[in-house]
Each structure stands twice: as structure tokens, then as C-alpha cells.
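Overview (structure and organization)
Single-letter residue listing:
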Amino acid sequence: MNITTTIDGAKAAMSIDGKLTVATSPELEGEISSLPEAVKEFDLDLAGLDYISSAGLRVLVATQKLADRRGGSMILRHPSDEVYDIFDMTGLADVFTIER
Amino acid sequence: MATQITDIMLDAEGIDRASEAVADFLDGTQLDRRSQLSARLTIEYALLSFRDHFGDGTKAELVVGNRLGKPRLMIKVRGDRFDPREQGNETDWERTFMQTAGLRPSFAYTGGYNIISISCPRPPLGSTAKACAAITCGVVLAQAGLRLPEATRMSLLNGLVNPLFDTYVGMLAGVAGPMVFLSVVCGICGIGDMAALGRSGRALIGRQMLTNVSAVALAFVASFPFFRLGVGKVAEMGDPISSITGLLLDLFPTNLFKPFMEGNTLQIIMLSIAVGVAVLALGDLTEGIRKALNQLNVLIQFLMEQLCRLLPLLIVVMTISQTWSGTLGALFQSWLPILVIGVVMVVFLAAQLIFTSVTCKISLRELLITCFPATVIACITASPSAAFGTVLSICKDDLGVDDEQTSFGVPLGMVLCKPMTAILLTVVMLYSARAYNMGGSVLWYAQLAISCLLYAVAVPPVPGGMLACYGMLLASLGIPTGALAVVTALDLLLDNLCAGGNVAAQIMQIVLAADSLGALDHNARKGGEA
């Protein structure tokens, strides 16, 4: 899995390619926790994400909560049909802000 | 598939391997994608929960297999009792995860093992399998019914079988009108802009009408033995210009509601094209209406899908009705037109299939297999409407036609693309004229060709739709209405073949039109080469 991060003030734009499995989710979790505390806007591009596991969903939920605590927001962009189905069937499509 | 047991470690790599194993197993079933994802996520979640409780490196067993045709997944972890469904510390979404993911795992604690089991839904029977089962059932019941006294059989036929059939067909026709209207309107709106509409519309409508014209031409050539140019009794007909003008003008509705009340599909299509183009042209001003129309479209297609679940019952009822009413027997007296129609239909369809295969670079075998379910459904029910949902799915999912072309092209094709109907009408009219020792001038034959072309398009896509048109067509050509008896008998047999052939031709034309517009995604085809 590849993660590309760009920070611009309070906004972090991240592009995730590959699969967010149980083994690779800690990598995303680590990347997010290493961001400066000033970052409160999380812009995640999921166009290259092939699959997200339950562990990956936990990381996204935790990131959403982090953004909420910091008074910011998280947006997930361009998920594939499969990834969006996963959000939809787990009820997270109503929790996350998703741009298709 | 035999049951497989795999030992896994409850660490990150082990859980991922288990998840992949579950995905591979479910890929070999016929479960829909969402059910497969649900099962995979549920297994992952359960394994993660066990890992969190029992610790990294704990051993577990993954069991996958089938039980009574249903895919079944099981996890076994040795240790103290721990039910992943009853966790205390997780977030709201995690607490409800196992319910919202769509599958309800069961838990048992036996012999020191925590066992989570998921029984996936049984893969649905394919449309063809259902249709074949329904035909078999219909034949068996019909044959059993032939042993009943005739009075009892007729009573059952007129009191139960035919009313059931008429009611179901009426329901199909009732939903078909709004469904066609909404599908065309939403299809046009989905195109995006007026320039794209012009391009798509021209490609589709042009191809479909050209298909019908080709079919009429081929039917004329094959029916040469029936021609009696100016020989015998000359057909008396109404004013040819008035007849044709009337036909063309009747395409345009004079009342917004009458086309739906009368089930006049062609007028519904005209209305839907007008409304769709208007909504598209007005853009943002009709944003709310566009949204409402899309939602209504989803609703009506859902209703049609539910109605189509009853199709096997319709097939049983039709088989019984046609066997008990003796319709099949009367047709063998008209073997020559049946032979001509059959040969022309087969030749025409074969040419279409080969042309589509070569032009769009899809193998003939793939085309035949893909079109088969929809063709069978339409053939058995004599109703392209019944195959509507299957055709949508075939075009979009199996053949890679994009959404806009599918939404716009399928309902349009259901009404416009009827080469088999055109062939049937042409041969039947020519045969009827010959049967009454009638001939005509070149103009009369030209009127016959144009009339058959227009009536083929005007016929509503439901079983028996043509019966309503035959009387008008015979009168307009000056052929005695006594011909109705044979015409009706031919129609009752061949209506089924027509419907099936029309659906196959529709699919070919949609694929060809999409290919010409660059809207055919070969990579999206199931079984296609990536």
C-alpha cells in the first residue's frame, strides 16, 4: 500500500493506493497520528484504494473522531464501487462525508 | 465444494490470509458482490475481536464449505467464552456492525471452543433454470389436466387459468407504461447535454428503424412465392395516403394521460422523449423534477422486478392454457408460412449476431450465452417487458454498455426494435392475401411494407399485443377479415418466437450503437478479456 501526504497549514491531503488490510492499516494509522496537531482537515483520496477491511474502517472512524475533536472535518473522495459498498453496508456512508 | 479447514494465527498477516481465503471461496459461489463483501467483513471483524481478546498469535480454525447448497463459514477459537457480538467497549458503529453488514452470525461455545458461524444466502437460480423448471412444471400439469373430463378442464381454463394469465399480463402492461416513460426520460436526462442526446438518439433510433426495414425487406424476398402482382382479385383498400398519414399522426398523443390509460406504448415513448428533452434543455431549473423522476424510476423498476419474480408462475399458466385450448394443434395446418417465418427469423438473427460479433469484437459464443436468459424469458412469456430487467442487466453488467446508453436504449429498443414482429406481419399478410387469391399493384405492396413496418413498432410489447393490430391491418390492406382466424393462430404460436428474437435483436442494436459512440467498455464485460 502507498500513502502520499501533502500538508498545507491545517489541511492534510492524503492519497491511498492499494489495499487497506489488517496488516497495512497500522501504516495509515501511524501516518495520521504523525501529522502535526494543527491539522484538522483530512482530505483522503481513495481512487486507488482496491479494498478496505474492518481494520481499515476502524482507522477511518478514528480519523473522523480526531477531526471532530479538533473542530475540523474529514472527506473521502472517489471511492470505488466496492469500497463505497463497504461504507454503505456498514452504515458508514451516513457517517462519513463522501465525494464520489 | 468440499469443506476446507485452515489453521490460522490471529495476527495481522494471518487474518489477512483468512480474509483472502474467504474471498476466494465466495468468488466460486454465485453470491452477489454485496453478500460476498458482507461475509468477508464479518469474518474479519470476528477475527479481529478474537485477536483483541485472546491476544496476538492465538491459533484459530477457519472452516469454509457448503451445506445444503448454502455457502457456510465458521471460525473456531479455543479459550474462555467470548462472543464477539457482545463487546462492551466499541463504538456505536462497531456495536451494530454485525447487524448492519447484513449477515447474522451465530455463536456457540462448545467443548472449550468459541464458534462463530455465518450461513450465506443460497445463490439464486438463474433465469434460464427457473424458466426451464416452470416449463417442465407447466407441461406436467397440462398433461395431467388432459386426463380430466373436458367440462372440468374447460371450467378450470376459463375460470382459473385464463383469468390468472390475463390479470398478470394486465399488471405487467400497467407497470410497463410508466416504466417505459420514466426510463426513457431518465435515460435522456442522464445523457447530460443536448449535443450528446442528439448523437445518442440518432444512433439508436436510426439503427433500430434500419433493423426493422431490413427485416421487412428480407421477409419480402423470402415470401416471393406468395406474391401475386396484379393477379387474381385486386386488393381493395382505403386511400393509401390517408392510411399511412393516419398511422404516422397517431404516434403523437393528444392527451397527457390517454397513452397510459390505453397502453399506447408508442405514444408513451413520444411523450417521454418530449419530456426528457425538455427537462434536459431546462437544466438547473428542473433539478428538483429530475431528482424526483430518478427516484420514481428506481421505484417503478423495483416494482417491475418484484412482478418479474412471478414470471415462472406465468410460464406455468401459459403452458397449461395453450395445451388445454388446443392452440398448438391448429397451427400445423399452416406449415408453409410458419416455415418461411422461421427460416427468415433465424437467418436474420444469425446475420445480426455475426455482424455484432465482428464489429464489436465480442466472441459469438459470448454473445449467444449472454443474450440467452433474456431471450428465453421473452420467448416463453411472449413479452419483451418481462425481460426488461434482465436486458438492462445484460447490457450494463455483461456487455459493458454504459449507464446512459442502457437507460435510454433498452426501453426505446423494447418499442422500436422489432424486426421479428416486422417479419411475422409481412409474411402473414402476404400469405393471407394469397390464401384469398388476392394480388395487388406495386403501390399496394409498398403500402403493405410500410404498414407492417409501422404496426410492428406500434404493437405494445406484451403478449397478445399484436392481436389488437391485426384487424386494423387487414382492413387497411383490403384483405378479408376472415383471414383473422389463421392470422390469430399463427400469431399465438409465433408471438413467443417474435418476442424472444426481438429481445436478442434489441441487445445487438444497443451494443452496436454503444460501440459506434465509444460507450462500450470491453473491460467491464464479465468473461471479457481485460
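Residues numbered from 1 in each chain as written. Chains lettered and ligands numbered in written order. Predicted model: local features only at pLDDT ≥ 70, side-chain atom pairs only at ≥ 80, totals over all residues. Heavy atoms only, no water.

Some details on the overall build of chain A
- Across its full length, chain A holds 3 helices and 6 strands.
- Traced from its N-terminal end to its C-terminal end, chain A shows the element sequence β-β-α-β-β-α-β-α-β.
- Within chain A, buried positions represent 45% of all 100 residues.
- Residue pairs in contact within chain A that sit at least 24 positions apart in sequence constitute 66% of those at least 6 positions apart.
- Carbon and sulfur atoms provide 44% of the accessible area of chain A, an area that totals close to 4,300 Å². (Helix = DSSP H or I, 4+ residues; strand = E, 2+ residues; numbered from the N terminus. Buried < 20%, exposed > 50% of the residue type's maximum accessible area, 1.4 Å probe, protein only. Contact = heavy atoms within 4.5 Å. Areas by Shrake-Rupley, 256 points an atom, 1.4 Å probe, with all protein chains shown as cover.)

Notes on the sheet that holds strand β5 (residues 113-119) of chain B
Residue and element names in this part refer to chain B.
- Strand order in this open sheet of 5 strands is β1-β2-β3-β5-β4, and the pairing throughout is antiparallel. Two strands lie at the open edges of the sheet, namely β1 (4-9) and β4 (106-110), each paired on one side alone. Taking the axes of each pair of neighbouring strands and ignoring which way they run, one obtains an average angle of 20 degrees across the sheet.
- One ladder, built from 7 bridges, connects strand β3 (residues 70-78) with β5; its direction is antiparallel. Along β5, the bridge assignment pairs Lys-76 with Ile-115.
- Strand contacts of helix α2 (residues 33-54): β1, β3 and β5, with the helix running at about 5 degrees to β3, the strand carrying the most contacts. (Pairing = 2+ DSSP bridges. Axes fitted to C-alpha atoms, helices over the stretch in contact; angles between N-to-C directions.)

Digging into the interface of chain B and chain A
- Listed as interface residues are 24 residues of chain B and, on the opposing side, 21 residues of chain A.
- Of the roughly 2,000 Å² buried between chain B and chain A on both sides combined, carbon and sulfur atoms contribute 57%.
- The tally of links from chain B across to chain A stands at 2 salt bridges.
- For the pair chain B and chain A, the number of links is 8 residue pairs in polar contact (both at pLDDT 80 or more).
- At the level of secondary structure, the elements contributing two or more residues to the side of chain B that touches chain A comprise α1 (12-27), α2 and α3 (92-100) of chain B. (Buried area = accessible area lost by both parts, 1.4 Å probe. Salt bridge = Lys/Arg side-chain N within 4 Å of Asp/Glu carboxyl O. Polar contact = N/O pair within 3.5 Å; in protein donor to acceptor, adjacent residues only side chain to side chain.)

Geometric values such as these leave the question of function open.
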